[in-house]
Amino acid sequence: MIHWLRQIFAILSFSLRTLPQRKGSIASALFGIIGVVAVLVGVLSIGQGFRRTMEVAASPDVVLVMRSGADTEMMSGLQREETRVIASTEGIVQDEAGPLASSELFVVINLPKRSTGTDANVPLRGVERAAYKVRDNFEILEGRPFEPGRDEIIVGRGAALEFAGLDLGNEVQVGQNRWKVVGIFADDGSISESEIWTDASLLQSAYRRGDYYQSVYLKLRDPAEFTAFKDRLLNDPRLQVRVLRQGEYYAEQSVLLYNMITGLGTLIALMMAVGAVFGALNTMYTAVASRSREIATLRALGFTNSPVLISVLTESVILALVGGAVGGLLAFAAFDGFRAATMNWSSFSQVTFAFEVTPDLLVKGVFYATAIGLVGGLFPAVRAVRQPVADALREA
Amino acid sequence: MNDIASPSAEPASPEPADSAETLLDLRGIDKTFKRGSEEIQVLQKLDLQVPRGEFLALMGPSGSGKSTLLNLIGGLDRPSHGEIHVDNHRIDRLSDRKLATWRARNVGFVFQFYNLMPVLTAARNVELPLLLTRMNGARRRKHVATALDVVGLSHRVKHYPRQLSGGEQQRVGIARAIVTDPQLLLCDEPTGDLDRKSGDEILDLLQALNQHHGKTIIMVTHDPHAAERASRTLHLDKGRLNRED
């Protein structure tokens, strides 16, 4: 076993020393693998960033209540009386002003994008004062909260970056009203940061919604009491509601786009990988061909086939790993934190999010590169050991 | 010197003149290659015995089967028919893996173009066959030093092949061939790429290895001058051993 490993090490070490002589074909294979991994990681980081935005800050103790049968807040509707019943249900955190439950409504408005000037849908959410406390990570970055009853809005930092006219102090004409931007808020990168918030009662009257809301966000005393709390609401004869944890709701909302982006990204990367495999094959065939006499000489001296095979494969995998690591780092440098906006098909409004190159994605990229290296090295490795020694010595 | 056998005559006796212990015994060897649908018979019903300690030269025109015969003796190829016994072991039926191990222990190869690894120093090249043994680094270095000393290259230990002359490279090749102390040295045109002076030095070395170190040497050569150094010369023509000098 020891001298078997010694054989592998010996062949591998002088194979690697010949790399400078083969820099052309190695560079082309490396570029291929770097490209595949960078694209794979880059595209998947879009899905990852989108999902994070949708799921982040989804505290286990925050619950969303909508009308029974509604898949999204857009499709939901709750009367004020219903929201009061919900807010008075046992199990909700109380503060000095009452239960931490915010009855909210949600309309979609049009604003021009800063990047293109074209109009896009932006969610305008009417909230109650408890909204700030229900969402654990909510903070005003600039300015102040809106004053209830006044035509004031606060803007999520994602929306402020993405849409024109949402700078602090600006006024925005929406419908019949002119709304003044009095604050910019953050919510740990969550989907809320893509929204504009105002007073729920004011929004009801501005959009003639009567005394209707679409959802209630509330904070449970104990996340473990979720099932009991849910049962209380479902068993209340005055209510016909759907009760979800905030995380479940966001996961439902993100699944369509996440799957689409991930599927598309993987498909693109797979197609590119086919090209990269040919690049690796070419490199390793060149490597084997240029060293066929050396390999044949070693086999004549008594080196056995498996160390030759393993060392050729190992060289290919090492090259692929280098390509994978560089591709991953490139994707990290180029994409991580890159902000973009896309349509959230569940709310028909824009979600701003940052691409996120996670360690998982980097591992996936390196795994992908390894697979390319293995496939690309396998055939040349088999060729190296299947060619009769006498023939290889004669060819050289 | 024996007469040249006519094509219709029986092949010349491949047995050596003396009755020393036989190291190599080839019996009824046929070797056929396929080229497309055509079959080419390279060696035909060839018998050959080589006693231990002999220096045998194999001569013959190109395509006569010299290198093929050397490859069969060295376990680099297998006969289509017949048996190959080396030191009373039949080698033509060994698996690839066992044959590789057998080669590592019993045969040293010397190639026409030296076949050194260009990225390794002379010492590292010579060390290669020892990587297949259980020797530790210190013992390997000692053996390498001895082998390089035998071929007169102690002063070139750290030189790379490109820094050595052709004759020196071939000496490194010979050092690599003898470093495991094999009983059999197989040399394929060892002077074919060298000028006369360097070639003579290599032949001197091979002769010394044969005479002073007891190595059995089989050398393929085109060069009658080189063959003169051997104790016996066999001529191959159209796959048959035809003449014995």
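A few points on the structure. (Residues numbered from 1 in each chain as written. Chains lettered and ligands numbered in written order. Predicted model: local features only at pLDDT ≥ 70, side-chain atom pairs only at ≥ 80, totals over all residues. Heavy atoms only, no water.)

**Points about the overall build of chain A**
Along chain A, the regular secondary structure elements total 12 helices and 16 strands. Per-residue burial for chain A yields a buried fraction of 54% across its 396 residues. Pairs at least 24 residues apart make up 79% of the contacts formed inside chain A by residues separated by at least 6 positions. Of the accessible surface of chain A, which amounts to about 16700 Å², a share of 60% is contributed by carbon and sulfur atoms. (Helix = DSSP H or I, 4+ residues; strand = E, 2+ residues; numbered from the N terminus. Buried < 20%, exposed > 50% of the residue type's maximum accessible area, 1.4 Å probe, protein only. Contact = heavy atoms within 4.5 Å. Areas by Shrake-Rupley, 256 points an atom, 1.4 Å probe, with all protein chains shown as cover.)

**A short note on the packing of aromatic side chains**
Aromatic ring pairs: the centre-centre distance and the angle between the two ring planes describe each pair. Considering all chains together, one arrives at nine aromatic pairs over all chains under this definition. Measuring from ring centre to ring centre gives 4.7 Å for Tyr132(A) and Phe138(A), while their planes differ by 20 degrees; the resulting arrangement is stacked. The class of Phe138(A) is buried, set by a relative accessible area of 13%. Taken together, the ring pairs connect Tyr132(A), Phe138(A), Phe146(A), Phe185(A) and Trp197(A) into an aromatic cluster. Sitting over the ring of Tyr217(A), Arg135(A) keeps its end group 4.4 Å from the ring centre. When the ring centre of Tyr160(B) is taken as origin, the NZ or CZ atom of Arg162(B), which lies over that ring, is 5.0 Å away. (Phe/Tyr/Trp six-rings, centres within 6.5 Å; stacked < 30°, edge-to-face > 60°. Lys NZ or Arg CZ within 6 Å of the ring centre and 35° of its normal.)

**So, the environment of Leu5(A)**
Residue and element names in this part refer to chain A. Mapped onto the elements, Leu5 comes out in helix H1 (residues 2-17). Since its relative accessible area comes to 45%, Leu5 is described here as partly exposed. Spatially, the C-alpha atoms of Leu5 and Pro307 are 7.5 Å apart, while their sequence positions differ by 302 residues.

**Regarding helix H7 (residues 226-235) of chain A**
All names here are of chain A. Three or more residues of H7 are buried, namely Phe226, Phe229 and Leu233. For H7, the arc enclosing every buried residue in end-on projection is 70 degrees, short of the 170-degree limit, so these residues lie on one face. Against the buried residues of H7 lie strand E1 (62-67), helix H3 (80-87), strand E13 (215-219), strand E14 (241-245) and helix H8 (246-290). (Arc of directions from axis to C-beta.)

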